[in-house]
Amino acid sequence: MPPTPRPTVRSSAVDDDRRPADTVRRVGPRLPALLCAGLCTLVFGLLTALVALRWEPLMAVDRALAGALHRTAVDASGWTRLNRVLSDWLWDPWMMRAVLVVAVVLLVRRDERLLGALVAGTALVGAGLQQVMKAVVGRERPVWPDPVDTAHYAAFPSGHAMSAVIAGALVLWLLRLGGARPLWRWTARTVAVVSVAGVGFTRVYLGVHWLSDVVAGWLLGGALVAATAAAYAGYAPRRGNGGARWAGGGA
(Lines give C-alpha, C1' and ligand atoms only; values in the text may rest on other atoms or scores of the structure.)
Protein backbone atom coordinates (compact mmCIF):
# COMPACT_ATOMS: atom_id res chain seq x y z
CA MET A 1 0.00 0.00 0.00
CA PRO A 2 1.57 3.28 -1.06
CA PRO A 3 2.28 5.71 1.73
CA THR A 4 -0.27 8.43 2.34
CA PRO A 5 1.12 11.75 1.18
CA ARG A 6 1.56 14.31 3.87
CA PRO A 7 -0.66 17.39 3.70
CA THR A 8 1.14 20.41 2.41
CA VAL A 9 1.49 23.27 4.82
CA ARG A 10 1.99 26.83 3.60
CA SER A 11 5.14 28.00 5.18
CA SER A 12 5.60 31.42 6.66
CA ALA A 13 8.46 31.92 4.20
CA VAL A 14 5.98 31.81 1.32
CA ASP A 15 3.76 34.33 3.08
CA ASP A 16 6.76 36.52 3.78
CA ASP A 17 7.72 36.40 0.10
CA ARG A 18 4.27 37.58 -0.90
CA ARG A 19 3.88 40.36 1.63
CA PRO A 20 6.62 42.65 0.29
CA ALA A 21 5.22 42.54 -3.24
CA ASP A 22 1.76 43.26 -1.90
CA THR A 23 3.11 46.15 0.12
CA VAL A 24 4.93 47.60 -2.89
CA ARG A 25 1.76 47.47 -4.99
CA ARG A 26 -0.16 49.27 -2.28
CA VAL A 27 2.45 51.86 -1.25
CA GLY A 28 3.99 52.39 -4.71
CA PRO A 29 1.26 54.67 -6.16
CA ARG A 30 0.76 56.36 -2.80
CA LEU A 31 4.28 57.60 -2.14
CA PRO A 32 4.63 59.90 -5.19
CA ALA A 33 1.20 61.40 -4.43
CA LEU A 34 2.16 62.05 -0.82
CA LEU A 35 5.44 63.64 -1.89
CA CYS A 36 3.65 65.83 -4.42
CA ALA A 37 1.04 66.91 -1.87
CA GLY A 38 3.72 67.71 0.69
CA LEU A 39 5.89 69.66 -1.74
CA CYS A 40 2.97 71.69 -3.11
CA THR A 41 1.78 72.46 0.41
CA LEU A 42 5.26 73.52 1.51
CA VAL A 43 5.79 75.86 -1.43
CA PHE A 44 2.26 77.23 -1.07
CA GLY A 45 2.90 77.98 2.60
CA LEU A 46 6.13 79.78 1.75
CA LEU A 47 4.46 81.81 -0.99
CA THR A 48 1.59 82.70 1.34
CA ALA A 49 4.04 83.94 3.96
CA LEU A 50 5.88 86.09 1.41
CA VAL A 51 2.62 87.61 0.19
CA ALA A 52 1.40 88.25 3.73
CA LEU A 53 4.71 89.91 4.60
CA ARG A 54 4.63 91.84 1.31
CA TRP A 55 8.15 90.72 0.42
CA GLU A 56 9.30 93.46 -1.95
CA PRO A 57 11.12 91.35 -4.59
CA LEU A 58 7.95 89.29 -5.08
CA MET A 59 5.74 92.38 -5.06
CA ALA A 60 7.99 94.02 -7.66
CA VAL A 61 7.71 91.05 -10.02
CA ASP A 62 3.92 91.02 -9.59
CA ARG A 63 3.62 94.74 -10.31
CA ALA A 64 5.95 94.69 -13.31
CA LEU A 65 4.22 91.77 -15.05
CA ALA A 66 0.71 92.99 -14.27
CA GLY A 67 1.53 96.48 -15.53
CA ALA A 68 3.06 95.26 -18.79
CA LEU A 69 0.16 92.94 -19.56
CA HIS A 70 -2.44 95.55 -18.63
CA ARG A 71 -0.99 98.06 -21.08
CA THR A 72 -1.27 95.44 -23.80
CA ALA A 73 -4.84 94.59 -22.78
CA VAL A 74 -5.91 98.24 -23.01
CA ASP A 75 -4.41 98.65 -26.48
CA ALA A 76 -5.45 95.28 -27.98
CA SER A 77 -9.22 95.36 -27.51
CA GLY A 78 -9.94 92.36 -29.76
CA TRP A 79 -7.41 90.13 -28.01
CA THR A 80 -8.78 91.31 -24.68
CA ARG A 81 -12.34 90.34 -25.63
CA LEU A 82 -11.11 86.85 -26.52
CA ASN A 83 -9.36 86.53 -23.19
CA ARG A 84 -12.52 87.62 -21.37
CA VAL A 85 -14.54 84.94 -23.14
CA LEU A 86 -11.96 82.29 -22.27
CA SER A 87 -11.60 83.41 -18.66
CA ASP A 88 -15.22 84.24 -17.84
CA TRP A 89 -16.88 81.38 -19.72
CA LEU A 90 -14.74 78.50 -20.94
CA TRP A 91 -12.37 78.39 -17.96
CA ASP A 92 -14.75 79.76 -15.36
CA PRO A 93 -14.69 77.85 -12.02
CA TRP A 94 -18.33 76.86 -12.46
CA MET A 95 -17.52 75.34 -15.84
CA MET A 96 -14.71 73.35 -14.22
CA ARG A 97 -17.11 72.16 -11.53
CA ALA A 98 -19.63 71.17 -14.19
CA VAL A 99 -16.98 68.92 -15.74
CA LEU A 100 -16.50 67.24 -12.37
CA VAL A 101 -20.26 66.85 -11.89
CA VAL A 102 -20.37 64.91 -15.17
CA ALA A 103 -17.45 62.79 -13.97
CA VAL A 104 -19.21 62.03 -10.68
CA VAL A 105 -22.41 61.02 -12.46
CA LEU A 106 -20.49 58.66 -14.75
CA LEU A 107 -18.63 57.15 -11.82
CA VAL A 108 -21.83 56.51 -9.86
CA ARG A 109 -23.46 54.93 -12.92
CA ARG A 110 -20.47 52.59 -13.18
CA ASP A 111 -20.81 51.69 -9.50
CA GLU A 112 -17.61 53.56 -8.58
CA ARG A 113 -19.23 55.33 -5.63
CA LEU A 114 -16.03 55.72 -3.64
CA LEU A 115 -14.28 57.49 -6.52
CA GLY A 116 -17.37 59.60 -7.11
CA ALA A 117 -17.45 60.66 -3.48
CA LEU A 118 -13.74 61.50 -3.55
CA VAL A 119 -14.10 63.63 -6.68
CA ALA A 120 -17.13 65.47 -5.29
CA GLY A 121 -15.46 65.93 -1.92
CA THR A 122 -12.26 67.25 -3.47
CA ALA A 123 -14.20 69.81 -5.52
CA LEU A 124 -16.19 70.96 -2.47
CA VAL A 125 -13.15 71.19 -0.23
CA GLY A 126 -11.31 73.12 -2.93
CA ALA A 127 -14.13 75.63 -3.30
CA GLY A 128 -14.30 76.16 0.44
CA LEU A 129 -10.55 76.25 0.97
CA GLN A 130 -9.95 78.94 -1.61
CA GLN A 131 -12.54 81.20 0.05
CA VAL A 132 -11.01 80.61 3.47
CA MET A 133 -7.55 81.52 2.19
CA LYS A 134 -8.90 84.62 0.45
CA ALA A 135 -10.44 85.78 3.72
CA VAL A 136 -7.35 84.96 5.79
CA VAL A 137 -4.80 86.61 3.49
CA GLY A 138 -7.09 89.44 2.42
CA ARG A 139 -4.95 90.55 -0.51
CA GLU A 140 -6.32 93.29 -2.73
CA ARG A 141 -6.60 92.82 -6.46
CA PRO A 142 -4.77 95.09 -8.89
CA VAL A 143 -6.42 98.49 -9.26
CA TRP A 144 -6.34 100.29 -12.61
CA PRO A 145 -7.63 103.67 -13.78
CA ASP A 146 -8.82 101.94 -17.00
CA PRO A 147 -9.79 98.35 -16.06
CA VAL A 148 -10.66 95.88 -18.79
CA ASP A 149 -12.40 93.34 -16.50
CA THR A 150 -13.72 93.06 -12.96
CA ALA A 151 -13.66 90.35 -10.28
CA HIS A 152 -15.03 89.85 -6.79
CA TYR A 153 -13.58 88.73 -3.45
CA ALA A 154 -9.94 88.92 -2.45
CA ALA A 155 -7.11 88.05 -4.81
CA PHE A 156 -5.04 85.33 -3.12
CA PRO A 157 -5.22 82.56 -4.27
CA SER A 158 -6.76 82.64 -7.74
CA GLY A 159 -9.97 80.63 -7.72
CA HIS A 160 -9.87 80.25 -11.51
CA ALA A 161 -6.36 78.79 -11.43
CA MET A 162 -7.13 76.49 -8.52
CA SER A 163 -10.38 75.20 -10.08
CA ALA A 164 -8.66 74.48 -13.40
CA VAL A 165 -5.92 72.45 -11.71
CA ILE A 166 -8.40 70.49 -9.59
CA ALA A 167 -10.65 69.64 -12.55
CA GLY A 168 -7.80 68.84 -14.94
CA ALA A 169 -5.78 66.78 -12.48
CA LEU A 170 -8.80 64.81 -11.28
CA VAL A 171 -9.86 63.93 -14.83
CA LEU A 172 -6.32 62.79 -15.70
CA TRP A 173 -6.17 60.72 -12.50
CA LEU A 174 -9.52 59.07 -13.26
CA LEU A 175 -8.48 58.23 -16.82
CA ARG A 176 -5.27 56.68 -15.50
CA LEU A 177 -7.15 54.64 -12.91
CA GLY A 178 -9.65 53.53 -15.51
CA GLY A 179 -7.01 52.34 -17.93
CA ALA A 180 -8.10 54.70 -20.70
CA ARG A 181 -6.48 54.37 -24.09
CA PRO A 182 -3.26 56.37 -24.60
CA LEU A 183 -4.95 58.62 -27.17
CA TRP A 184 -7.65 59.64 -24.67
CA ARG A 185 -5.09 60.26 -21.97
CA TRP A 186 -2.82 62.26 -24.28
CA THR A 187 -5.76 64.38 -25.47
CA ALA A 188 -6.97 65.00 -21.94
CA ARG A 189 -3.45 65.88 -20.80
CA THR A 190 -3.11 68.41 -23.62
CA VAL A 191 -6.46 70.02 -22.84
CA ALA A 192 -5.64 70.15 -19.13
CA VAL A 193 -2.23 71.75 -19.63
CA VAL A 194 -3.58 74.34 -22.08
CA SER A 195 -6.48 75.15 -19.75
CA VAL A 196 -4.35 75.49 -16.61
CA ALA A 197 -1.72 77.64 -18.31
CA GLY A 198 -4.30 79.58 -20.30
CA VAL A 199 -6.50 80.53 -17.38
CA GLY A 200 -3.46 81.64 -15.42
CA PHE A 201 -2.41 83.92 -18.26
CA THR A 202 -5.89 85.39 -18.77
CA ARG A 203 -6.31 86.30 -15.09
CA VAL A 204 -3.08 88.30 -15.05
CA TYR A 205 -3.60 89.69 -18.55
CA LEU A 206 -7.07 90.98 -17.66
CA GLY A 207 -5.65 92.71 -14.60
CA VAL A 208 -7.70 90.92 -11.97
CA HIS A 209 -4.88 88.88 -10.39
CA TRP A 210 -1.21 89.05 -9.59
CA LEU A 211 1.11 86.31 -10.86
CA SER A 212 1.66 85.01 -7.32
CA ASP A 213 -2.12 84.60 -6.92
CA VAL A 214 -2.18 82.31 -9.93
CA VAL A 215 0.83 80.27 -8.79
CA ALA A 216 -0.75 79.89 -5.35
CA GLY A 217 -3.95 78.58 -6.93
CA TRP A 218 -1.99 76.03 -8.94
CA LEU A 219 -0.07 74.86 -5.87
CA LEU A 220 -3.09 74.57 -3.58
CA GLY A 221 -5.14 72.75 -6.21
CA GLY A 222 -2.28 70.36 -6.93
CA ALA A 223 -1.78 69.63 -3.24
CA LEU A 224 -5.47 68.83 -2.80
CA VAL A 225 -5.69 66.44 -5.75
CA ALA A 226 -2.44 64.73 -4.77
CA ALA A 227 -3.79 64.22 -1.24
CA THR A 228 -6.96 62.69 -2.69
CA ALA A 229 -4.94 60.31 -4.87
CA ALA A 230 -2.81 59.30 -1.90
CA ALA A 231 -5.88 58.63 0.23
CA TYR A 232 -7.42 56.44 -2.48
CA ALA A 233 -4.18 54.51 -3.03
CA GLY A 234 -3.87 53.87 0.71
CA TYR A 235 -7.40 52.96 1.70
CA ALA A 236 -9.42 51.93 -1.35
CA PRO A 237 -9.94 48.17 -1.83
CA ARG A 238 -7.61 46.76 -4.50
CA ARG A 239 -9.26 45.38 -7.59
CA GLY A 240 -7.54 43.28 -10.19
CA ASN A 241 -4.04 44.65 -10.76
CA GLY A 242 -4.55 47.67 -8.52
CA GLY A 243 -6.71 49.89 -10.74
CA ALA A 244 -10.35 50.06 -11.66
CA ARG A 245 -10.57 49.21 -15.36
CA TRP A 246 -13.81 50.97 -16.20
CA ALA A 247 -12.70 53.39 -18.92
CA GLY A 248 -11.94 50.77 -21.54
CA GLY A 249 -8.80 50.16 -23.52
CA GLY A 250 -5.29 49.42 -22.44
CA ALA A 251 -3.08 51.21 -19.98
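Residues numbered from 1 in each chain as written. Predicted model: local features only at pLDDT ≥ 70, side-chain atom pairs only at ≥ 80, totals over all residues. Heavy atoms only, no water.

K.L.:
Any chance you could break down the overall build of the protein chain for me, citing the residues and the numbers?
P.N.:
Counting its regular elements, the protein chain contains nine helices and zero strands. When the helices and strands of the protein chain are placed in sequence order, the string is α-α-α-α-α-α-α-α-α. Put simply, the protein chain has 251 residues, and 41% of those count as buried. Long-range pairs, those at least 24 residues apart, make up 80% of the contacts in the protein chain with a sequence separation of at least 6. (Helix = DSSP H or I, 4+ residues; strand = E, 2+ residues; numbered from the N terminus. Buried < 20%, exposed > 50% of the residue type's maximum accessible area, 1.4 Å probe, protein only. Contact = heavy atoms within 4.5 Å.)

K.L.:
Mind laying out the pattern of salt bridges, listing which residues take part and the relevant values?
P.N.:
In the structure shown here, the tally under the stated rule is seven salt bridges. Asp 149 serves as the salt-bridge partner of Arg 84, at 3.5 Å between the closest nitrogen and oxygen. Of this pair, Arg 84 sits in helix 4 (residues 77–90) while Asp 149 sits in the loop between helix 6 (113–137) and helix 7 (159–177); the two residues are 65 residues apart in sequence, bridging distant segments of the chain. What makes Asp 149 buried here is its relative accessible area of 9%. For Asp 111, the salt bridge goes to Arg 113, with nearest N and O atoms at 2.0 Å. Each member of the pair, Asp 111 as well as Arg 113, is classed as exposed. When salt bridges that share partners are traced, they join Arg 84, Asp 88, Asp 149 and Arg 203 into one network. (Salt bridge = Lys/Arg side-chain N within 4 Å of Asp/Glu carboxyl O.)

K.L.:
Break down empty space enclosed by the protein for me, with residues and values.
P.N.:
A full pass over the atoms with the stated rule returns one cavity of 30 Å³ or more. Taken as a whole, the largest cavity spans an internal volume of roughly 70 Å³. Every residue lining the largest cavity is listed: Met 96, Arg 97, Leu 100, Ala 123, Gly 126, Ala 127, Gln 130, Met 162, Ser 163, Ile 166 and Ala 167. Of the residues assigned to the lining of the largest cavity, the class counts are seven nonpolar, three polar and one charged. (1 Å grid on protein atoms, 1.4 Å probe; cavity = no way out; pocket = protein on both sides within 12 Å on 5 of 7 lines; lining within 4 Å. Points joined across faces, edges and corners; volume = space filled by probe spheres on them. Nonpolar A, V, L, I, M, F, W, Y, C, P; charged D, E, K, R; others polar.)

K.L.:
Describe the packing of helix 3 (residues 56–75) against helix 8 (residues 182–205), and please don't skip the residues or the numbers.
P.N.:
Between helix 3 and helix 8, the shortest axis-to-axis distance is 8 Å and the interhelical angle comes to 80°. The pairing of helix 3 with helix 8 is recorded here as roughly perpendicular in orientation. Together, Leu 65, Ala 66, Leu 69, His 70, Thr 72 and Ala 73 of helix 3 and Phe 201, Val 204 and Tyr 205 of helix 8 make up the contact between the two elements. Split by residue class, the contact of helix 3 with helix 8 holds seven nonpolar, two polar and no charged. (Axes fitted to C-alpha atoms, helices over the stretch in contact; angles between N-to-C directions. Parallel < 35°, antiparallel > 145°, perpendicular 65-115°, else oblique.)

K.L.:
Help me get a handle on the confidence of the model for the protein chain, residues and values and all.
P.N.:
On average, residues of the protein chain score 86 in pLDDT, and 82% of them are at 70 or above. Note on residues 7–28: pLDDT under 50 across the span, and eight contacts to partners over four residues away in sequence or across chains. Segment residues 239–243 is flagged for pLDDT under 50; beyond a separation of four residues in sequence, or across chains, it makes four contacts in the model. (pLDDT = per-residue confidence, 0-100.)

K.L.:
So, the environment of Gly 38: which residues are in play, and what are the values?
P.N.:
Relative to the helices and strands, Gly 38 is located in helix 2 (residues 30–52). Taking the C-alpha atoms as reference points, Gly 38 and Ala 227, 189 residues apart in sequence, are found 8.5 Å from one another.

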